[in-house]
Amino acid sequence: MNITILVTGAAGYIGSHTCFELLDRGYNVVAVDNLVNGNREALQRVKEVTGNDIHFFKADLRDASTLERIFEEQPIDAVIHFAGYKAVGESVEDPLLYYSNNVSASVTLLSVMKEYDIYNIVFSSSCTVYGKPESVPVKETDSMAPTNPYGRSKLMVEEILRDSYKALPSLSVSILRYFNPIGAHPSGRIGEDPDGIPNNLLPYVSRVAAGQLEELKIFGDNYDTHDGTGVRDYIHVMDLARAHISALEELLNGSGSNCKTYNLGTGKGYSVLDVVKAFEQVSNREVPYKITDRRPGDIDKTFADPTKANKQLGWTAQKELKEMCQDMWYWQQQNPNGYSN
Ligand code: NAD
Ligand code: UD1
């Protein structure tokens, strides 16, 4: 096999795990990242674990001439587009940053792809496009009403892709709506390395278990859920990485052009307290917590209906919450300071 995949945002959390999976399956990888949030060391470790090389370009997607040079030089067959910003609070404070980096950058990428006749793209969307779901489990056809600029930037790129597909029938698009990715590569060499104090639950919990943070603040215990704390569909990052290969192969092997959207989740919802309990069990550490006010904008409950991805991509999430927590804990122990050990 001699197929080359351009991965944008390759040095980030999900990008690096997907690069692992691509190399492991025999694809060539051309990685593009401006390293604003990613880490060069992540790609170094992907190379070390797989024993394969990655052609890395430190470049910003908004820089069309550099992108053109990369497409000129590299025999690219398809693109997996992860690059972007993802912090909800920051997007409320600085929406233009999000519309520029998530929306404009995607337009630049699509324009350069078109210029070089590259017509296969897998795009990272998010369950955040649904906003507060009307009902659970959430289906791809449910209504979408994102509640913040980050979510709207994701929905805008989805719409741009759907419009481009209508105008350009040779385009093949796979839009993947991730639920809550957690965990790390089981080697303990690749994982999530957020800057500063984490916003998301699992990185916070693992630092509390490690004694780096004093206690978890649980944002509300009066939601309409089995124990009052928020319920989410946590999915192992390696299951997510595998789903990208399935989506990519559907594009590469499909009989014609297409534009498909898939929910990527396990279909199971766990509460914050379920997660704390699972983490305490696997780490054999206590995770002290206190209940605080709700976080503005949070919803009580969401989880995916992943039937479409199960049937059409032949993909199913395999790893349970316990394994997600185990791999997260192993990564935390091996890399107490993330990639800057
Ligand atoms: P991440 O921040 O770890 O990775 C994103 C990468 O993109 C970083 O390495 C960053 O340096 C790079 N990047 C950002 N802007 C760029 C630009 N203009 N040019 C080149 N590189 C740029 O995030 P992640 O968790 O790996 O998420 C990847 C994608 O998945 C994002 O698009 C995110 O919105 C989406 N997503 C993430 C989650 C999640 O919880 N992690 C959930 C749903 C969707
Ligand atoms: C976050 C993003 C969302 C993205 C989703 C998937 C925010 C506000 N939203 O949402 O856009 O699509 O991830 O990756 O960042 N919690 C605590 N204490 C904490 C942290 C979290 O109790 O310190 C609770 C939350 O209230 C929630 C659950 O844990 O019930 C999960 O939170 P988080 O990991 O931030 O994910 P989401 O809220 O689903």
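Residues numbered from 1 in each chain as written. Chains lettered and ligands numbered in written order. Predicted model: local features only at pLDDT ≥ 70, side-chain atom pairs only at ≥ 80, totals over all residues. Heavy atoms only, no water.

Visitor: Run through the site of ligand 1, naming residues and quoting values.
Guide: Close to ligand 1 lie 27 residues; D33, K86, N101, Y150 and K154 are nearest. Here a nitrogen atom of ligand 1 and a side-chain polar atom of D60 are 3.2 Å apart. A total of 820 Å² of accessible area belongs to ligand 1 in isolation, and the protein chains cover 94% of it. Where the shell around ligand 1 is concerned, the elements lending two or more residues are α1 (13–24), β5 (120–126) and α6 (149–167). Broken down by element, the residue count for the shell around ligand 1 peaks at 3 residues, all from β5. Among the residues forming the shell around ligand 1, the class breakdown is 12 nonpolar, 10 polar and 5 charged. (Near = heavy atom within 4 Å. Polar contact = N/O pair within 3.5 Å; in protein donor to acceptor, adjacent residues only side chain to side chain. Areas by Shrake-Rupley, 256 points an atom, 1.4 Å probe, with all protein chains shown as cover. Helix = DSSP H or I, 4+ residues; strand = E, 2+ residues; numbered from the N terminus. Nonpolar A, V, L, I, M, F, W, Y, C, P; charged D, E, K, R; others polar.)

Visitor: Summarise the pairing of β5; cite the residues concerned and give the values.
Guide: Here β5 lies mainly inside the structure; 7 of its 7 residues are buried. Taking every second residue as pointing to the same face, both faces of β5 are buried, with N120, V122, S124 and S126 on one and I121, F123 and S125 on the other. When strand β4 (residues 78–81) meets β5, the two strands line up parallel, connected through 3 bridges. Pairing of H81 across the sheet is with F123, part of β5. Of the strand pairs in this sheet, β5 and strand β6 (residues 172–178) are connected by 7 bridges, and their pairing is parallel. Among the inter-strand pairings, S124 is bridged to a residue of β6, identified as L176. After leaving β5, the chain enters α6 and then returns to the sheet as β6, a path that is right-handed. (Buried < 20%, exposed > 50% of the residue type's maximum accessible area, 1.4 Å probe, protein only. Pairing = 2+ DSSP bridges. Right-handed = clockwise from strand over helix to strand, strands pointing away.)

Visitor: Give me the packing of aromatic side chains: which residues, what numbers.
Guide: Taken as a whole and assessed by the stated rule, the structure comprises 5 aromatic pairs. Aromatic pair Y85 and Y98: ring centres 5.6 Å apart, planes at 50°, arrangement tilted. One end of the pair, Y85, is in the loop between β4 and α4 (88–93); the other, Y98, is in helix α5 (residues 95–115), with 13 residues separating them in the sequence. No difference in accessibility class separates Y85 from Y98, as the two residues are buried. Their ring planes at 85° and their centres at 6.4 Å tell us that Y98 and Y150 sit as a pair that is edge-to-face. Here the residue Y98 occupies a position in helix α5, and Y150 occupies one in helix α6, the gap between them amounting to 52 residues. (Phe/Tyr/Trp six-rings, centres within 6.5 Å; stacked < 30°, edge-to-face > 60°.)

Visitor: Give me the lowdown on the sheet that holds β4, citing residues and values where you can.
Guide: What the 7 strands build is an open sheet, ordered β3-β2-β1-β4-β5-β6-β11; its pairing is parallel. At either end of the open sheet lies a strand with only one pairing partner, and these are β3 (55–58) and β11 (259–264). Here the average twist between neighbouring strands, direction ignored, is 15°. (Axes fitted to C-alpha atoms, helices over the stretch in contact; angles between N-to-C directions.)

Visitor: Requested: an account of the side chain of E192, with residues and values cited.
Guide: On the secondary structure map, E192 appears in the loop between β7 (180–182) and α7 (201–209). Of the residues examined, E192 reaches a relative accessible area of 14% and is grouped as buried.

Visitor: Explain the site of ligand 2 residue by residue, including any values.
Guide: What surrounds ligand 2 is a group of 20 residues, the closest being S126, K217, R232, R295 and D298. Measuring from an oxygen atom of ligand 2, one finds a side-chain N or O atom of T128 at 3.4 Å. Contact between ligand 2 and N200: an oxygen atom at 3.0 Å from a side-chain N or O atom of the residue. Compared with its free state, where it exposes 730 Å², ligand 2 has 86% of that area covered by protein. Those elements that place two or more of their residues in the shell around ligand 2 are β7 and β8 (216–219). Top element by residues in the shell around ligand 2 is β8. It accounts for 4 residues. Each residue belonging to the shell around ligand 2 can be placed in one class, and the counts come to 10 nonpolar, 6 polar and 4 charged.

Visitor: Account for α6, naming residues and giving values.
Guide: With 19 residues, α6 ought to run about 27 Å at 1.5 Å a step, and its terminal C-alpha atoms sit 26 Å apart, in line with that. For α6, every residue scored as buried is listed here: P149, Y150, G151, S153, K154, L155, V157, E158, L161 and R162. Each element contacted by the buried residues of α6 is listed here: α4, α5, β5, β6 and β11. (Expected span 1.5 Å × (residues − 1). Contact = heavy atoms within 4.5 Å.)

The values reported here are purely geometric and, on their own, carry no functional implication.
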